[in-house]
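Single-letter residue listing:
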Amino acid sequence: MEENIVQYLLQGNVAVNAGPNAKEVFLDQVESEYNDGNILKSIFYQVRALYQASQDRYFQIESSVCGNQQPRDKPKLAEQLLLGMNDWEKDNLKSNKLMQLALEKISIPNTNCNTEDKPQTVSCNFLQNIIDPLEGVRKIEEICQQLPKEWTILQLCKGPRTETTFSVFRQIQELDSNIYVTLLRHARSREYATPICLRFSGPEQKGLFKKYANVANQLKQCINVDPKEYNTKEAKKLYWDMLYELDQHIAQALKELKNFFFPWSFLFTGQPYTRSPTEAALLLSKQRKAFAKVDDFCNEYHWESQERVLLSLTAMKVESLSELEIHKICALLTSNGREQSSAAKLLLKLQTASAEAREDVGSDTSNGTKEPSIHHYPCILIVDERLDHFFWEELNVQQEYCRVSSLQCLWRLHTLYRERIHSGYLRVNITDGGCLLNPDNNLPKTEMRMRCFFEFWLPNWLKKVAQKPTQDELLNDFFKRSCYVYAGHGSGLQYIQGKHIARQQMNCVVFLFGCDSSRMQSNGLYSELVGSHLYYHAAKCPTLVGTLMPGLDANMDSIATEILSRWIAPHSRNVLPWQCIDRVSWQKEGVVKPSKNDMPTVADVSPYQIGSLCWVLARIHQRRTEPKYYNTVPYVCRGLPVWNCDVEPLPPLPNK
């Protein structure tokens, strides 16, 4: 019976209509198949579960608009409805004239729609109607092989917890379960395309989930205070003590998250590269030699492909691992004591050789040679909506990350922008933009600071300040530009319905600087989680930057201007770099003046601007601008990794 239900849900759009219950059925299959040793089948149901929720509805909104759906698609819709009917509905249809008329109408092509000049809908549900899990895994492998070879793609899926389907948002977050980490694309995917899944659980997971569920609420308790009640010295001290405790709470939660994935947290790191052709050749040679030694070892001991790939990735990141981590990894890869010892010796030998090579490079000063500057390609995190409140970017603050809600969503965005993606980045040119500042007209200090920034840095941008926008203004004036910035309460969805955003054809990069602007929320009991980014991605927005929890106004303004000034070129290259302004005068008076006597220009400070938006966000997580965790952990980049060629040309990186 259960197998029949699963197969029924895998057909057409049945799972979409079934809602959260369908996801729970798929997640039960995830757990059951993993327990039975059918790892690949478990992976199939994970990928299926993470997509089946609200995203199909958003894309249906898009495809239902006249011009976005080709006439030949209408009969398919009627067929899908018939396919999704149960036996009672089929019997009822025989006598239900209204339903017969409705099916007849949607089966007739609408010749009044002019589709010649309209963009076609890009289908992304590549697993639709695939019932055999192993066939589905082969399709997943095929899709991942077509994605950029530079990407590392990790999928994070929370195990089944049926009661959360009928819970409020807080309970959805608090209730713990296993976490499945699936490696879909990595450095050796060309040779070994089969996904690898690791399941993490333990007695500490209950406390871990509870800690992360409480972070946002603790911050709200700190900042939702009446200023009149905090005008005494004692009250102010209490306020700052509460924030200090919150900062310590977040620091402990981050530490526990990294420990939870011990010793595999290094998997959250992308593939290394360097921009110097000479150093790139050395790095590539070193990696190939390491993989060759791993292959020799695995051939000698007859290790399977999964263990071979994991040992290869360990060898690639061995410089950053402790001896304890190395021995633990080897113990998890094999239960044979002799093989464990041999594998550990191999890794430690590679680590020593790497350290010696680094010392040789560092000591070679005769020709001015310096230690290679190692970068890492973007790591794409496919995050389950029920794990989205975790601060995954903090697992490695030196790494560039992007989040997406499903592999299908990633595939759709990649398909839309395939021609402009090079070296793992979507190339964009941010030359014009629009900003909506304090539309509720009740954040005067934010308005002062952000207006000052835009008038100084981007005076040519369209600006609307302290006024609520109309829906037409947003659609026709702001969303049509190469960049849109919102600074106010929430995400700005209070001024336009999400369904109207989803119907658009947006090519702009979006920044939402407001409390919870990109946080997954529940609309009530028995509800899927929704977030502003889902609407924007449905509208083909390639990338969105937002927050996972509330923030303090002055600190959010500081981070917003740091991100924008690092990534977007000023109207004039002769302006003072934003890092050189006097922060106090800007924050308190809305006045830009130099912090020192000298006044360098942006052109003088060459490393100031950065092409990769993900790296700009990584700098925020490194706490270079704001030192407190509660001010930095909320910022996430969703969608594709983008590179602004207007500030820095994308370097011609060597092929692997």
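Structure's up top.
One structure accompanies this document, and this report is about it.

Each value, and the rule that gives it
Residues numbered from 1 in each chain as written. Predicted model: local features only at pLDDT ≥ 70, side-chain atom pairs only at ≥ 80, totals over all residues. Heavy atoms only, no water. Helix = DSSP H or I, 4+ residues; strand = E, 2+ residues; numbered from the N terminus. Buried < 20%, exposed > 50% of the residue type's maximum accessible area, 1.4 Å probe, protein only. Areas by Shrake-Rupley, 256 points an atom, 1.4 Å probe, with all protein chains shown as cover. Core = buried A, V, L, I, M, F, W, Y, C linked by side-chain atoms within 4.5 Å. Contact = heavy atoms within 4.5 Å. Pairing = 2+ DSSP bridges. Salt bridge = Lys/Arg side-chain N within 4 Å of Asp/Glu carboxyl O. Phe/Tyr/Trp six-rings, centres within 6.5 Å; stacked < 30°, edge-to-face > 60°. Lys NZ or Arg CZ within 6 Å of the ring centre and 35° of its normal.

This next bit is on the overall build of the protein chain. Along its length, the protein chain carries 25 helices and 18 strands. Looking at the 656 residues of the protein chain, the share that counts as buried comes to 55%. Carbon and sulfur atoms make up 49% of the accessible area of the protein chain, which totals about 28500 Å².

Among the nonpolar cores identified, the biggest contains 87 residues, and L407, F454, F511, F513, I563, W567 and L613 are the most heavily contacted of them. A per-element tally of this core places helix α4 (residues 39–51) first, with 7 residues. Ignoring any residue separated from it by four or fewer positions in sequence, one finds L407 in contact with V47, F126, I140, C144, L147, L184 and I382.

The buried count for strand β17 (residues 635–639) comes to 5 of 5 residues, which makes it a mostly enclosed element. Summarising the sheet, strand β16 (residues 543–547) and β17 pair through 5 bridges and their orientation is antiparallel. In the strand pairing of β17, V545 is matched with C637.

Now for the pattern of salt bridges. Following the criterion strictly, the structure yields 24 salt bridges and no others. Measuring nitrogen to oxygen at the nearest pair gives 2.2 Å for the salt bridge that ties K286 to E319. Note that K286 is positioned in helix α13 (residues 277–301) and E319 in the loop between α14 (305–316) and α15 (323–333), a separation of 33 residues in sequence. Two residues, D295 and R308, come together in a salt bridge whose shortest N-O distance is 3.1 Å. With D295 in helix α13 and R308 in helix α14, this pair connects stretches of sequence that are 13 residues apart. Here D295 and R308 have matching classes, each one buried. Salt bridges linked by common partners bring R188, E191, D295 and R308 together as one network.

Pairing is mixed across the open sheet formed by 3 strands, whose spatial order is β8-β9-β18. Edge strands, defined here as strands with exactly one partner in the open sheet, are β8 (421–422) and β18 (642–644). Sheet topology places β8 next to strand β9 (residues 425–428); 2 bridges connect them, and they run antiparallel. Counted as the bridge partner of H422 is Y425 from β9.

The residue S558 is located in helix α22 (residues 553–567) in this model. If sequence neighbours within four positions are ignored, S558 has contacts with R583, W586, Q587, T625 and E626.

Applying the stated criterion to the full structure yields 31 aromatic pairs. Ring geometry for Y239 against W240: centres 5.1 Å apart, planes inclined by 75 degrees, an arrangement best described as edge-to-face. According to the relative accessible area criterion, W240 is exposed, its value standing at 51%. Between W264 and F266, the ring centres sit 6.0 Å apart and the planes meet at 35 degrees, which makes this aromatic pair tilted. The same class applies to W264 as to F266, namely buried. Joined through ring pairs, the aromatic side chains of F200, F209, Y212, F260, F261, F268, F390, F391 and W392 make up one cluster. In this arrangement the basic side chain of R188 is found over the ring face of F291, its NZ or CZ atom lying 4.8 Å from the centre.

The omega angle of the peptide bond from F262 to P263 is 0 degrees, so this bond is cis rather than trans. The topology assignment puts P263 in the loop between α12 (233–260) and β4 (272–273). With a phi angle near 55 degrees, S423 is a residue other than glycine that sits in the positive phi range. Its place among the elements puts S423 in the loop between β8 and β9. Positive phi outside glycine occurs at K540, with the angle close to 75 degrees. Its location among the elements puts K540 in the loop between α21 (532–538) and β16.

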